[in-house]
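# Residue-level structural notes
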Amino acid sequence: MAKRCYYEVLGCQKGASTTELKSSYRKLAMECHPDRNPGDHTAEVKFKEINEAYDVLKDDQKRAAYDRFGHAAFENGMGGRGPSGFDFASSFTDVFDDLFGEFMGGRRARRQNRGGDLRYNLEITLEEAYKGRNAQIKVPSAVACEACGGSGSEPGHKAEQCPTCSGIGKVRAQQGFFTIERTCPGCRGTGRVIKHPCKGCKGSGHVQKERTLSVDIPPGVEEGTRIRLSGEGQAGMNGGPAGDLYIFVSVKAAEIFQREGHDLYCRAPVSFVTAALGGAIDVPTLDGGKVKVTIPEGAQSGRQFRLRGKGMPVLRGGGLHGDLYVELVVETPVKLSKRQKELLREFDKLNEAGTHPESESWLAKAKSFFASETKN
């Protein structure tokens, strides 16, 4: 059966960039990986075909040879193996080395030995974000096995040099005029093999354990603030360094206050009598106290009062705070008694020009608008 075009296998055009090839390969390889399709022979064959295509096209020299000679460049003694002899597991490892090797500084051994990073989502209240707090969190993670000290070998034994790669961690294979270097399948790039696995961790060097950690949340943290705890992630492999723990902070919405950066906003209802005659109201603050706000005579809904320094603390701002803005909402009374209604009607009859400036201004504008429309 004739082989399909490698570009067609990866779903890319012949002039596709390395980035496009890599992205398409990663997507297809994930879909057809045998671990995701147990027992599916078709998926396994397709997976091998995808890996074979990418193994050729990701290499500039091999790709140039393929573009010129097609599949013939790797047949009749010119190197290469078909899907039936393709080492897809090794190729699958290599592509992730390509994808993430640059991110980790190009040092494969360090990436393999270093433990994975962990993420923990911590929700706090706005009051806690204002004052700061110390949180005790429980984190399930892999920690170094106490029985073997993280080595993976039974006490009294040590890991030995890998006989496949002689401790280098890589193996090379000659394919025609190409030399292919891959991660050693015997030791997975570590250069060491464990002949006597630790009974406690079965040779992995780490065990699962729930740890309790103390986290200091500084005053002024915002939604999405990330706190890094170095070395508190997953334990490293074969005695390598542990990863980091990243704590992502989310702040619950408060009932009274709304936050915008370092400033706080709240709406304070006042009776129409207080708004008309003037008065004072008490406004609560996040520090546990309250501030008296003086309402001038004739105050209208929507008027804002700025309380300096009563907002959120500035993170690492040396004691600086934002402001608190209080917006007045003049409340219309409901469920009035008969006498109250009579008094309001009497009050309405006593209204004189200038007592409702906004209504009078609006009515004047409306009359002007209709007058101009009539002329037109």
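Look above for the structure.
First things first, this report covers the structure right here in the doc. (Residues numbered from 1 in each chain as written. Predicted model: local features only at pLDDT ≥ 70, side-chain atom pairs only at ≥ 80, totals over all residues. Heavy atoms only, no water.)

### Brief notes about the overall build of the chain
In terms of regular secondary structure, the chain is built from 10 helices and 15 strands. Expressed as a percentage of its 376 residues, the buried residues of the chain come to 34%. Considering only intrachain contacts with a sequence separation of at least 6, the fraction spanning at least 24 residues in the chain is 64%. Accessible area for the chain stands at about 23400 Å²; split by element, carbon and sulfur atoms hold 51% of it. (Helix = DSSP H or I, 4+ residues; strand = E, 2+ residues; numbered from the N terminus. Buried < 20%, exposed > 50% of the residue type's maximum accessible area, 1.4 Å probe, protein only. Contact = heavy atoms within 4.5 Å. Areas by Shrake-Rupley, 256 points an atom, 1.4 Å probe, with all protein chains shown as cover.)

### Here we look at the pairing of strand β15 (residues 324-331)
Two strands pair when backbone bridges link them, and strand β11 (residues 263-271) and β15 are joined in this way by 8 bridges, in the parallel orientation. In the strand pairing of β15, P269 is matched with V329. Direction of pairing for strand β14 (residues 304-307) relative to β15: antiparallel, over a ladder of 4 bridges. Bridging across to β15, Q304 finds its partner in E327. (Pairing = 2+ DSSP bridges.)

### What about the side chain of S141?
Relative to the elements of secondary structure, S141 occurs in strand β2 (residues 133-144). A relative accessible area of 1% places S141 in the buried class. Of note is the side chain of S141, whose polar atom sits 2.9 Å from the side chain of R211. (Polar contact = N/O pair within 3.5 Å; in protein donor to acceptor, adjacent residues only side chain to side chain.)

### Concerning the pattern of salt bridges
In total, this model carries 19 salt bridges according to the counting rule given. Notably, a salt bridge pairs R114 with D117, separated by 3.1 Å at the nearest N-O pair. A relative accessible area of 40% means that D117 is categorised as partly exposed. Between K290 and D282 there is a salt bridge, with the nearest N and O atoms lying 3.9 Å from each other. In this structure K290 comes out as exposed when scored by relative accessible area, which is 63%. (Salt bridge = Lys/Arg side-chain N within 4 Å of Asp/Glu carboxyl O.)

### Some details on the packing of helix α2 (residues 18-32) against helix α3 (residues 41-57)
As a packed pair, α2 and α3 sit with axes 9 Å apart at the nearest point and diverge in direction by 160°. Relative to α3, α2 is oriented roughly antiparallel. Relative to α3, α2 is oriented so that their crossing is left-handed. Where α2 abuts α3, its residues L21, K22, Y25, L28, A29 and C32 lie against A43, K46, F47, I50, N51, Y54 and L57. Here the contact of α2 with α3 is built from residues that sort into 10 nonpolar, 1 polar and 2 charged. (Axes fitted to C-alpha atoms, helices over the stretch in contact; angles between N-to-C directions. Parallel < 35°, antiparallel > 145°, perpendicular 65-115°, else oblique. Left-handed = near helix turned anticlockwise from the far one by under 90°. Nonpolar A, V, L, I, M, F, W, Y, C, P; charged D, E, K, R; others polar.)

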